[in-house]
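Survey of secondary and tertiary structure
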Amino acid sequence: MTTLLESHSACLTHETPEGHPECAARLRAVLGALQCPEFAGLLRVEAPLAPLKAIQRVHPESHINAVLSMVPEQGFSRVDADTAMSPGSGEAALRAAGAVIDAVDRVMAGEAENAFCAVRPPGHHAEPEKAMGFCLFNNIAVAAQHLRAEYHVKRVAVVDFDVHHGNGTQAAFWDERDLVYISTHQSPLYPGTGRMDERGAHGNILNLPMRPGAGSDIFRETVESAVIPVLEEFQPEFLLISAGFDAHQADPLGGLGLTTADYGWVTGRLVEFARIHLDGRIVSALEGGYDLDALAEASAAHVRALMSGAA
Ligand SMILES: [Zn+2]
């Protein structure tokens, strides 16, 4: 079995204003790290454009059209104070969502055991009717609904270890009994959501806020004592990961103090769970991570752990 790497050069053409942390250099750093010989065994695939009907399972058609209509012919347009679009942003957003959909298809077809989608714009802040927080469409939520619609997979879990709470995924999953969203994140921090008492309509949301500076030990204890037991109880048939690397101690936006080794460790725990309970089926998608060196190292540790699970 194999680990799949989905990306597309169009994801580099989503440009943001000078000095913006969510920049094309992030994706170049990730892809550069994955050029090392140890990653030669990855199955590398160019992400297709997401079909609109797949995005419509999360975002209303009117909202999709409104977002795409804001793509400027030149320069930048602003979705909100943090979120900008350039001429390449529309295709980048459709490739980012297309990557996770195609990765799900290939994992379900048995072409790969698991997958990492190195894409941008990220997705977990995008709510069904609101693009925000550097995110246009919610890639991972689209993948979850694609699994249910196309494969009759009933139970899907998303684990989100980005330093920020994924308000968009929480909103998309709120009323969905069979979609579980589990988030470790720093609190207080943008976007301000993610309290433990935000549980979803069916108790299907698990928020695990951590104080600034929590560090490796508290993170690992939280994963062992809360994330893994909830996954074991829910018994998902497919696991999706919102892989943000901005909880790293070097990150300029986060302050949780994680190390590169923590990303290899948490991925290894999720791979181990997935191999025991769901034939190893994981699709992971890049979310945040804004220190370029830390992002490169941590995403390499993440993919290394996915590959060791797929050996
Ligand atoms: Zn983040």
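Scroll up to find the structure.
My aim in this report is to walk through the structure given alongside it, one point at a time.

About the criteria used
- Residue numbering note: each chain is counted from 1, following its sequence as written.
- The predicted nature of this model means local features are confined to residues of pLDDT at least 70 and side-chain atom pairs, given and counted, to a pLDDT of 80 or more, with totals for whole chains, interfaces and linings taken over all residues.
- As a rule here, side-chain values cover all heavy atoms of the structure and leave hydrogens and water aside.
- The numbering of helices and of strands both runs from the N terminus, where a helix is a DSSP run of H or I of at least 4 residues and a strand a run of E of at least 2.
- We call a residue buried when its accessible area falls under 20% of the maximum for its residue type, exposed when it is over 50%, and partly exposed in between, using a 1.4 Å probe and counting protein chains only.
- Here a polar contact is recorded for every N or O atom pair within 3.5 Å, except that within protein the pair must consist of a potential hydrogen donor and a potential acceptor, and residues adjacent in sequence are included only if both atoms are side-chain atoms.
- In this analysis, two residues are considered to be in contact whenever any of their non-hydrogen atoms come within 4.5 Å of each other.
- The term nonpolar core refers to a set of buried residues drawn from Ala, Val, Leu, Ile, Met, Phe, Trp, Tyr and Cys, joined through side-chain atoms within 4.5 Å.
- For this document, the term salt bridge refers to a Lys or Arg side-chain nitrogen within 4 Å of an Asp or Glu carboxyl oxygen.
- In a helix, the anticipated span is given by 1.5 Å times the number of residues less one.
- The rule is short: rings of Phe, Tyr and Trp, with Trp giving its six-membered ring, pair when the centres are within 6.5 Å, and they are stacked under 30 degrees, edge-to-face over 60, tilted in between.
- Strand pairing is defined by DSSP finding a minimum of two bridges between the two strands.

A word on the side chain of Thr 267. Within the secondary structure layout, Thr 267 lies in helix α8 (residues 260–277). What makes Thr 267 buried here is its relative accessible area of 0%. At 2.6 Å, the side chain of Thr 267 forms a polar contact with the backbone oxygen of Tyr 263. With residues near it in sequence (within four places) discarded, Thr 267 still touches His 302, Ala 305 and Leu 306.

Looking now at the nonpolar core. Counting residues in hydrophobic clusters, the biggest one holds 96 residues, and the most contacted among them are Phe 116, Phe 173, Leu 231, Leu 240 and Val 283. The greatest single-element share of this core, amounting to 10 residues, is contributed by helix α4 (residues 89–108). Setting aside anything within four residues of it in sequence, one finds Leu 240 in contact with Val 104, Ile 140, Ala 143, Ala 144, Val 156, Ala 157, Val 158, Val 159 and Val 283.

Scanning the entire structure with this criterion turns up 19 salt bridges. In this structure, Arg 26 and Glu 22 form a salt bridge, with 2.7 Å as the shortest nitrogen-oxygen distance. The exposure classification of Arg 26 matches that of Glu 22, with both residues buried. The closest approach of N and O atoms between Glu 113 and Arg 275, which form a salt bridge, is 3.9 Å. In this pair, Glu 113 sits in the loop between α4 and β5 (114–117) while Arg 275 sits in helix α8, placing the two residues 162 residues apart along the sequence. Judged by its relative accessible area of 8%, Glu 113 falls in the buried class. Overlapping salt bridges, with partners in common, bring together Glu 6, Asp 102, Arg 106 and Glu 111 in one network.

The subject of this paragraph is helix α7 (residues 215–234). Across its 20 residues, α7 extends 27 Å between first and last C-alpha, which sits within 8% of the 28 Å expected from 1.5 Å per residue. What α7 keeps buried is the set Gly 215, Ser 216, Phe 219, Thr 222, Val 223, Ala 226, Val 227, Ile 228, Leu 231 and Phe 234. Among the structural elements, β6 (156–160), β7 (179–186), β8 (205–210), β9 (238–243) and α8 are those in contact with the buried residues of α7. Phi turns positive, to about 55°, at Gln 235, one or two residues after α7.

In this structure, Arg 95 sits in helix α4. With near-sequence residues (within four places) excluded, Arg 95 lies in contact with His 8, Ala 10, Cys 11, Ala 47, Pro 48 and Leu 49.

The subject of this paragraph is unusual backbone geometry. The omega angle of the peptide bond from Ser 187 to Pro 188 is 0°, so this bond is cis rather than trans. Of note, Pro 188 is situated in the loop between β7 and β8. With an omega dihedral of 0°, the bond running from Tyr 190 to Pro 191 counts as a cis peptide bond. Mapped onto the elements of the fold, Pro 191 is located in the loop between β7 and β8. A positive phi angle, close to 75°, is found at Phe 134, a residue other than glycine. Its place among the elements puts Phe 134 in the loop between β5 and α5 (139–151). Classification of Phe 134 as buried rests on a relative accessible area of 14%.

Time to look at the packing of aromatic side chains. For the structure shown, the criterion picks out 4 aromatic pairs. With a centroid separation of 5.1 Å and an interplanar angle of 65°, the aromatic rings of Phe 245 and Tyr 263 are classed as edge-to-face. Of this pair, Phe 245 sits in the loop between β9 and α8 while Tyr 263 sits in helix α8, and the two are 18 residues apart along the sequence. Its relative accessible area of 1% is what places Phe 245 among the buried residues. Taken together, the aromatic side chains of Phe 161, Phe 245 and Tyr 263 make up a single cluster linked through ring pairs.

This part takes up the pairing of strand β1 (residues 3–7). Judged by how many residues are buried, β1 sits mostly within the fold: 5 of 5 residues are covered. Every second residue of β1 is oriented toward a common face, with Thr 3, Leu 5 and Ser 7 on one face and Leu 4 and Glu 6 on the other, all of them buried. Two elements, β1 and β5, share 4 bridges in a ladder whose sense is parallel. From the neighbouring strand, Thr 3 faces β5, where its bridge partner is Asn 114. Where β1 lies against strand β2 (residues 43–46), 4 bridges are found, and the strand directions are parallel. Bridging across to β2, Leu 4 finds its partner in Leu 43.

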